[in-house]
Amino acid sequence: MANFVEFFQKGKTFRPKKKFEPGTLRHSLHKQAEASLNSGINLREVVKLPPGENFNDWLAVHVVDFFNRINLIYGTVTDYCLEETCPTMSGGPKFEYLWADGIRYKKPTPLPAPKYVSLLMDWVEAQINNEDIFPVKIDVPFPKNFIPTCKKILTRLFRVFVHVYIHHFDRLVAIGAEAHVNTCYKHFYYFVTEFDIVSQKEFEPLAEMTRKICKENPPQPS
């Protein structure tokens, strides 16, 4: 995981990376989470809320980090994820995702995968940049809709994992990204299941793969 960003930034980033302001609490939490990841400890332990920390801050840090990482992952397949090759935002034949934002798309609408992902990333970026939802200053409380908004963000970002794994896995293998993406996926999966953020039904398209790569780590001999 230590080389995750370096590995993917050799290619293109789908959206500019979001950063935390140095000196802020969330920047410190981000660094703390990053250091834990790089230390190679069990990912199940990495996601747990550090003692004494506020859950909303921990959630905000991870929403932004996952947004950045999934942007990087999708950036590796954008040349292959085209309206001609991916006319629907799907995860195999059984699952199709419809887009609705309550503004331009008031009703759930079928869209080609690249259009769906582009709208999704624009929407997530707008939520993250909205200080009424993601307050920047420590003395400004999180709004009541903060956790529901984060749940919606992470649920929708998970669908990018689904599409990339099911429709573009050969591309990940071809560029040697499989292990990096698997680690990112495990980190995401352990986080959202630790805090019950994404509904279990969302995991159905990747259920078999999840069982394989997110199984419990075997105990180490003493």
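Relevant structure appears above.
In this report, the structure presented in the accompanying data block is examined.

Rules behind the numbers
- Residues numbered from 1 in each chain as written.
- Predicted model: local features only at pLDDT ≥ 70, side-chain atom pairs only at ≥ 80, totals over all residues.
- Heavy atoms only, no water.
- Core = buried A, V, L, I, M, F, W, Y, C linked by side-chain atoms within 4.5 Å.
- Buried < 20%, exposed > 50% of the residue type's maximum accessible area, 1.4 Å probe, protein only.
- Helix = DSSP H or I, 4+ residues; strand = E, 2+ residues; numbered from the N terminus.
- Contact = heavy atoms within 4.5 Å.
- Axes fitted to C-alpha atoms, helices over the stretch in contact; angles between N-to-C directions.
- Parallel < 35°, antiparallel > 145°, perpendicular 65-115°, else oblique.
- Left-handed = near helix turned anticlockwise from the far one by under 90°.
- Disulfide = S-S within 2.5 Å.
- Salt bridge = Lys/Arg side-chain N within 4 Å of Asp/Glu carboxyl O.
- Phe/Tyr/Trp six-rings, centres within 6.5 Å; stacked < 30°, edge-to-face > 60°.
- Lys NZ or Arg CZ within 6 Å of the ring centre and 35° of its normal.

## A word on the nonpolar core
The biggest cluster of nonpolar side chains holds 60 residues, and the ones touching the most others in it are F134, L154, F161, Y185 and F191. Sort the elements by how many residues they give to this core and helix α6 (residues 146-174) lands first, with 12 residues. Residues in contact with F191, not counting those within four places in the same chain, are V47, W58, L59, H62, F66, L154 and I197.

## Description of the packing of helix α4 (residues 55-75) against α6
For the pair α4 and α6, the least separation of the axes is 10 Å and the interaxial angle reads 25°. Taken together, the axes of α4 and α6 lie roughly parallel to each other. Between α4 and α6 lies a crossing of left-handed hand. Counted together, F55, N56, L59, A60, V63, F66, F67, I70, I73 and Y74 of α4 and F146, I147, C150, I153, L154, L157, V160, F161 and V164 of α6 form the full contact between these two elements.

## Structural notes on the state of the cysteines
Across all of its chains, the model carries zero disulfides by this definition. Of all cysteine sulfurs in the structure, the one in C86 sits closest to C81, which takes part in no disulfide; the separation is 3.9 Å. A relative accessible area of 2% places C81 in the buried class.

## A closer look at the packing of α4 against helix α5 (residues 113-129)
Between α4 and α5, the shortest axis-to-axis distance is 11 Å and the interhelical angle comes to 155°. Judged by the angle between their axes, α4 and α5 are roughly antiparallel. Regarding α4 and α5, the two cross each other, and that crossing is left-handed. When α4 is examined against α5, the residues V63, V64, F67, I70, N71 and Y74 are found in contact with a partner set consisting of A113, P114, V117, M121, V124, E125 and I128.

## Some points on the pattern of salt bridges
In this structure the tally under the stated criterion is three salt bridges. For E194, the salt bridge is made with K48, and the minimal N-O distance between the two is 3.6 Å. On the criterion of sequence distance, the pair formed by E194 in helix α7 (residues 178-194) and K48 in the loop between α3 (43-46) and α4 is long-range, its members being 146 residues apart. Taking the shortest distance from any N to any O, the salt bridge between R159 and E202 comes out at 2.8 Å. Placement of R159 in helix α6 and of E202 in the loop between α7 and α8 (207-213) is noted, with a sequence separation of 43 residues between them. When its relative accessible area of 15% is taken as the criterion, R159 is described as buried. For E202, a relative accessible area of 11% translates into the label buried.

## Things to note about the environment of P110
Tracing the chain through its elements places P110 in strand β2 (residues 109-110). For P110 and Y97, which are 13 residues apart along the polypeptide, the C-alpha to C-alpha distance reads 7.1 Å. Residues within four places of P110 in sequence aside, it is in contact with E96 and L98.

## Overview of the packing of aromatic side chains
Considering all chains together, one arrives at 19 aromatic pairs under this definition. Taking the centre distance of 5.0 Å and the plane angle of 65° together, the rings of F66 and F188 count as edge-to-face. Highlighted residues: F66 in helix α4 and F188 in helix α7, separated in sequence by 122 residues. Each member of the pair, F66 as well as F188, is classed as buried. Judged by centre distance (6.4 Å) and plane angle (25°), the rings of F161 and Y165 are stacked. A residue pair is termed a helical-turn pair when its members lie 3 or 4 positions apart in one helix, as F161 and Y165 do in helix α6 at four residues. The pair formed by F161 and Y165 is uniform in burial state, with each residue classed as buried. R156 extends its terminal NZ or CZ atom over the ring of W99, reaching a point 4.3 Å from the ring centre.

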